[in-house]
Amino acid sequence: MSFDEKHEDKQAADSAASSSNGVRDRYYTNEEALVEPDEKESLHRGLSARQISMIALGGAIGTGLIIGSGTALVRGGPLGIFLGYSFVGFVCYLVMVALGEMSAYLPHKKGFPGYATRFVDPAFGFALGWNYVMKYLIVTPNNVNAAGVVIQYWTQKVHISVWMVFFVNLLGIRVFGELEFWFSSIKVITLIGLLLMGIIIDLGGNPKHDRIGFRYWDAPDGPMGKYLQNQVHNDHLAIFLGFWSTLTNALFAYIGTELIGVTVGEAQAPRKNIPIAIRRTFFRILIFYVGGVFVIGLIVPSTDQTLFVANKSKAGAAASPFVVATTLAGIKVLNHIINACILLFVLSAANSDLYIGTRTLYGLAVQGQAPKIFARVNRMGVPYPALFLCTAFCFLVFLNVSSSSAKVFGWFVNLVSTFGAITWMCICYTHIRFMKALKAQGMSRDVLPYKAPFQPWGSWFALIATAVITLFKGFDTFIPFKSDTFVTSYIGLPIFVVFYAGYKLYYRSVLIPSDKVDLITGKREIDEEEERFNQAQEARGPRTRWQKIWEDL
């Protein structure tokens, strides 16, 4: 018996109760928070599982692995970076499955800020939504900035502001969907090539015929790095600080996987495709990230001075550990090919980030939590006013004119990791409230379209772990105290509190009791929309073997 058949009678009764005006007026500050926008005047459901997982991959695999991992390697050493990325990867998995459970049950067009509004408190959803918008207003210029750094590997004769103008204009005319699928496909192929290249170099398949093995895991290069040793004057403490800094860097690297929660509004057959896309995306990223940092730790010594360390290295230093590896191995020309691929990586990530930023702002506008103009879409379902605003923020990259691109990269990393960590914590807490609402209203998680594993402890563990990392991620700003990095490391926290408290005071919203959470409104329309899509798919007839393989990519 299907989920809908099991709960048909209960839905009818609960819908009548939860839809009463008294309950809505008391706990939900506006009708838009619950009702789906008209299908013809909103986002179009045109993304397959194949495209969703690739868009998520494009947004998540960018500067964190390709450029930022160099910083983590220097500070944490090869073992430290491997352990750090593995631990945060597990936390990321818990966040993803929590989001998947909510998305599969109610795949609405408001993203996860909509879940926070519905399952927790409208003020919580408002704060989360604007926090996420601000993250993507920052992360897009961060990737454009990274593109400028990559270009400077070839030449510093042309001022970096010229490249900024070029890339900003390029972003505004990019198209999404199928184009991003192909860009991300190239990214996956390149990453596989880089991993194989690293293994071959390590085993002696290089011009020097030098079998490296685990040489760089021995002193003085490893296995653990010693961060801020001159300041703390304690080897054990320096090793711990080095490991802790890899957690912060890994958090920045993994942030972006949650953007699948924004794509559900444009997903075909979301109850089927979203869980599939979440599983595919996470395991691909885990393989590339954990595998990637392991290979980097084998072929690049953590003491190498050419690695990109945001507060020390010059802008023109080799921006990626993979480029450093080919140079150290004595392989000519390949470093320029890799640099070109990295340029494609960061531009693809910027494109994906721009897509998510516009959809998040659109979702807020649909809920009545942002100016209505941002809810407008053109005939192709693109929220163009939101796109224009997010593109305009790309001009933040001109901070490079007065500060080095390395320092600006460090600022952006701090800001993005804070906004992203807050998002993860909010997703986990929203999922905890969702599970409590199901229990309070007599609905079992066993009949959900997708049931997240390790719950409810998984969401609590991810919430606490992310909170601890976020709270102490700016420890190095105090050794010695640096005002710019302190502000960029922590300013996201008071901004979230201001958004939350401001909305709560103005609208007098309250935490929604578990038994009063609306689990039904808008679900029927989504069910009908998905049913129409499934019928259309069945009308197309049986698929060939090649079509099945293509859709399973």
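Residues numbered from 1 in each chain as written. Predicted model: local features only at pLDDT ≥ 70, side-chain atom pairs only at ≥ 80, totals over all residues. Heavy atoms only, no water.

Draft legend 1. Region of the structure containing the overall build of the protein chain. From N to C terminus, the protein chain includes 23 helices and 0 strands. Every one of the 553 residues in the protein chain was classed for burial, and the buried ones make up 61%. Long-range contacts, defined as pairs at least 24 residues apart, comprise 82% of the intrachain contacts of the protein chain with a sequence gap of at least 6. (Helix = DSSP H or I, 4+ residues; strand = E, 2+ residues; numbered from the N terminus. Buried < 20%, exposed > 50% of the residue type's maximum accessible area, 1.4 Å probe, protein only. Contact = heavy atoms within 4.5 Å.)

Draft legend 2. Local environment of the confidence of the model for the protein chain. For the protein chain, the mean per-residue pLDDT works out to 75, and 73% of the residues sit at or above 70. Segment residues 5–23: pLDDT under 50, and 24 contacts once partners within four positions in sequence are set aside and those in other chains are kept. Between residues 39–44, whose pLDDT stays under 50, and residues either more than four places distant or in other chains, the model counts 24 contacts. (pLDDT = per-residue confidence, 0-100.)

Draft legend 3. The environment of Glu101, seen in detail. Mapped onto the secondary structure, Glu101 falls in helix α6 (residues 69–105). In the structure, Glu101 is positioned 174 residues away from Pro275 in sequence and 7.8 Å away in space, judged by C-alpha atoms. Among all residues touching Glu101, those that are not within four sequence positions of it are His431, Phe434, Met435, Arg445, Leu448, Tyr450, Lys451 and Ala452. One polar contact links Glu101 to His431, side chain to side chain, over a distance of 3.0 Å. (Polar contact = N/O pair within 3.5 Å; in protein donor to acceptor, adjacent residues only side chain to side chain.)

Draft legend 4. Just the side chain of Asp518, in detail. Among the structural elements, Asp518 can be located in the loop between α21 (492–507) and α22 (523–539). A polar contact is formed between the side chain of Asp518 and the backbone nitrogen of Ile520, at a distance of 2.9 Å.

Draft legend 5. Geometry of the nonpolar core. In this structure, Tyr85, Val88, Tyr105, Tyr254, Trp424, Phe434 and Leu519 are the most contacted members of the largest nonpolar core, which totals 117 residues. A per-element tally of this core places helix α18 (residues 405–440) first, with 17 residues. The next biggest cluster of nonpolar side chains, apart from the first, holds 20 residues, and it includes Phe126, Tyr362, Val366 and Tyr503. (Core = buried A, V, L, I, M, F, W, Y, C linked by side-chain atoms within 4.5 Å.)

Draft legend 6. Expanded view of a nonpolar patch on the surface. Together, Trp457, Trp460, Ile464, Val468, Leu471 and Phe472 make up an exposed nonpolar region whose accessible area comes to about 650 Å². Relative to the elements of secondary structure, Phe472 occurs in helix α19 (residues 457–472). (Patch = residues over 30% accessible without salt bridge, like charges linked within 9 Å, V, L, I, M, F, W, Y side chains within 5 Å. Areas by Shrake-Rupley, 256 points an atom, 1.4 Å probe, with all protein chains shown as cover. Salt bridge = Lys/Arg side-chain N within 4 Å of Asp/Glu carboxyl O.)

Draft legend 7. Local environment of the pattern of salt bridges. What the rule picks out here adds up to 6 salt bridges. The shortest N-O distance in the salt bridge between Asp235 and Lys226 comes to 3.7 Å. Overall, the relative accessible area of 37% leaves Asp235 in the partly exposed class. Residue Lys226 is classed as partly exposed on the basis of its relative accessible area of 41%.

Draft legend 8. Region of the structure containing the packing of helix α12 (residues 235–254) against α19. Orientation of α12 relative to α19, taken along the N-to-C sense of each, is 110°, at an axis distance of 10 Å. For the element pair α12 / α19, the angle class is roughly perpendicular. Note on packing geometry: the crossing formed by α12 with α19 is left-handed. Of the residues in α19, those touching α12 at Trp244, Leu247, Thr248 and Leu251 are Thr466, Val468, Ile469, Thr470 and Phe472. Looking at the contact of α12 with α19, its residues break down into 6 nonpolar, 3 polar and no charged. (Axes fitted to C-alpha atoms, helices over the stretch in contact; angles between N-to-C directions. Parallel < 35°, antiparallel > 145°, perpendicular 65-115°, else oblique. Left-handed = near helix turned anticlockwise from the far one by under 90°. Nonpolar A, V, L, I, M, F, W, Y, C, P; charged D, E, K, R; others polar.)

Draft legend 9. Highlighting the state of the cysteines. This structure, assessed with the given rule, holds 0 disulfides. Its sulfur unpaired, Cys428 is 9.3 Å from the next cysteine sulfur, which belongs to Cys426. Assessed through its relative accessible area of 0%, Cys428 is described here as buried. (Disulfide = S-S within 2.5 Å.)

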